[in-house]
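Residue-level structural notes
Spelled out, the chains give:
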Amino acid sequence: MSDVTRIPVAGQPGYDVLVGRDLLGEVAGALDARTAKVLIVHAPPLAARAEALRERLAEAGTTAYLAEVPDAEAAKRVEVAAFCWQVMGQTDFTRTDAVIGLGGGATTDLAGFVAATWLRGVALVQIPTTVLGMVDAAVGGKTGINTAEGKNLVGAFHAPRAVLCDLDLLDGLGRNELLAGFAEVVKCGFIADPVILDLLEADVDAATDPGSAAFRELVERAIAVKARVVGEDFTEQGLREILNYGHTLGHAIEHAERYQWRHGAAVAIGMVFAAELSRLTRSLSDEAVERHRRILTSLTLPTSYPTARWPTLLATMQRDKKSRAGMLRFIVLDAIGRPTVLEGPDESLLFAAYQELAEG
């Protein structure tokens, strides 16, 4: 292991996000000295890596049990969480033991929820294996599962001991999966760090090449944005809301598509919608709105959605956890890098914004 970047996340307790290569040797050091057992929660494609990690922990004197869970959003169900609890109960996990999330955003969301709820909270180490997981899902301590009514409606805030972003784990990641993860990187550019946007516009091929210096810089910049925000507002009482840019409509699209769409694809459309809403309510410039479409299109992410789906999307948004007392809230932009909250917009205004990205 060499050339590791440590990005601190403030809080009680605080922790570090490590970015580099060959980081699996850091797992044992992130655990408490009293930890005798860990549960490695992983998706089927990562079975071999999970077994390798189990063997590595055994060499350090820690017994690891493997919990293979469904891939992607299918993992985020209460039945899957119950399976993990069952394994922990049958193997006598105590409060000094731990959970490791090894996988993409859905896997780390589930693993975090399992850790948060077992004995009212045990230690957690996140090892994200996708771009989305590294820059978003595994950082910040939000955990959750889905219900039939919507995404992440059941969850808890539970900070990990550490997040290990091992860039070697991105080798072999499908191109579509990699690019979908960049939606969250783009989001960080629009809400807080415009240099991210400049890097993507300068050379999108280099920026999306996991072996390039530009790729690593983008990942680290996106993580730094989230680390700063969640360090100041862990339980989303104020500032952390800005991380929801594009997510209110994005989550509704995921629900409408029965979670068969990649999260990043849905959020990409959600950001275009938020930009159009910003143009109508905050006078965001035409160029800033077009910049959303231009950058997302360069990443082959979608920027439109069918007109006829609007009533369904609106109904889902009104049930979203981000609404308060039935009042919808959106993150919009006064300008690039200047997010703010729009509360209770008129439905006609929302429909007008949607018409700008609707197709068919």
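Please refer to the structure higher up on the page.
Let me begin by describing the structure that accompanies this report. Along each chain, residues carry numbers from 1 onward, in the same order as the chain's sequence is written. Totals for whole chains, interfaces and linings use all residues, but because this is a predicted model, local features are given only for residues with pLDDT of at least 70 and pairs of side-chain atoms are given and counted only at 80 or more. Excluded from the side-chain calculation are hydrogens and water; included are all heavy atoms of the structure.

**Some details on the sheet that holds strand β5 (residues 98–103)**
The 7 strands lie next to each other as β1-β2-β9-β6-β5-β3-β4, forming an open sheet whose pairing is mixed. The two strands at the open ends of the sheet, each matched to only one other strand, are β1 (5–9) and β4 (63–68). Sheet twist, expressed as the mean angle between neighbouring strand axes with direction ignored, is 20°. Pairing of β5 with strand β6 (residues 123–128) involves 6 bridges; the strand directions are parallel. Looking across to β6, one finds that Gly101 is bridged to Gln126. Contacts are residue-level and defined by heavy atoms, with any inter-residue pair within 4.5 Å sufficient. Each axis is a line fitted through C-alpha atoms, and for a helix only the stretch in contact is used; angles between axes span 0 to 180 degrees, taken between their N-to-C directions. The helix count covers DSSP runs of H or I at least four residues long, the strand count covers runs of E at least two residues long, and both are numbered beginning at the N terminus. Taken strand by strand, helix α9 (residues 213–232) contacts β1, β2 (15–20) and β9 (162–166), and its axis lies near 20° from that of β1. Strands qualify as paired when DSSP identifies two bridges or more between them.

**Comments concerning the pattern of salt bridges**
Between Lys or Arg on one side and Asp or Glu on the other, a salt bridge is scored when a side-chain nitrogen of the former is within 4 Å of a carboxyl oxygen of the latter. One pass over the structure, following the stated rule, counts 31 salt bridges. In this structure, Arg161 and Asp32 form a salt bridge, with 3.8 Å as the shortest nitrogen-oxygen distance. Of the two residues, Arg161 sits in the loop between β8 (150–157) and β9 while Asp32 sits in the loop between α1 (27–30) and β3 (37–42), which places them 129 residues apart along the sequence. The salt bridge involving Glu217 is made with Arg221; its shortest N-O contact spans 2.9 Å. Taken together, the residues Glu217 and Arg221, both in helix α9 and 4 residues apart, mark about one turn of the helix.

**So, the packing of helix α10 (residues 247–256) against helix α13 (residues 310–318)**
Two elements in contact, α10 and α13, have axes separated by 9 Å at closest approach and are oriented at 115°. Like other packed secondary-structure pairs, α10 and α13 cross with a definite hand, here right-handed. When α10 is examined against α13, the residues Thr248, Leu249, Ala252, Ile253, His255 and Ala256 are found in contact with a partner set consisting of Trp310, Leu313, Thr316 and Met317. All amino acids are sorted into three groups, where Ala, Val, Leu, Ile, Met, Phe, Trp, Tyr, Cys and Pro are nonpolar, Asp, Glu, Lys and Arg are charged, and the leftover types, Gly among them, are polar. Looking at the contact of α10 with α13, its residues break down into 7 nonpolar, 3 polar and no charged. Whether a crossing is left-handed or right-handed is set by the direction in which the near helix is turned from the far one by less than a right angle, anticlockwise for left-handed and clockwise for right-handed.

**Let's talk about the environment of Pro160**
Within the secondary structure, Pro160 sits in the loop between β8 and β9. A simple rule labels every residue: compare its accessible area, found with a 1.4 Å probe on the protein chains alone, to the largest value its type can have, and call it buried under 20%, exposed over 50%, or partly exposed in between. Judged by relative accessible area, which is 3%, Pro160 ranks as buried. Remark: the alpha-carbon pair of Pro160 and Gly141, spanning 19 residues in sequence, is separated by 6.4 Å. Pro160 has contacts with Tyr15, Leu124, Gln126, Ala138 and Gly141, leaving out every residue within four places of it along the chain.

**Concerning the packing of helix α6 (residues 175–191) against α9**
Viewed as axis vectors pointing N to C, α6 and α9 meet at an angle of 50°, and their least axial separation amounts to 9 Å. It follows from the interaxial angle that α6 and α9 lie oblique. α9 is crossed by α6, and the crossing has left-handed handedness. Across the interface between the two elements, Leu178, Phe182, Val185 and Cys188 of α6 pack against Phe215, Leu218, Ala222 and Val225 of α9. In the contact of α6 with α9, the residues fall into 8 nonpolar, no polar and no charged. Oblique is the label for any angle not under 35 degrees, not over 145, and not in the 65 to 115 range, which are roughly parallel, roughly antiparallel and roughly perpendicular in turn.

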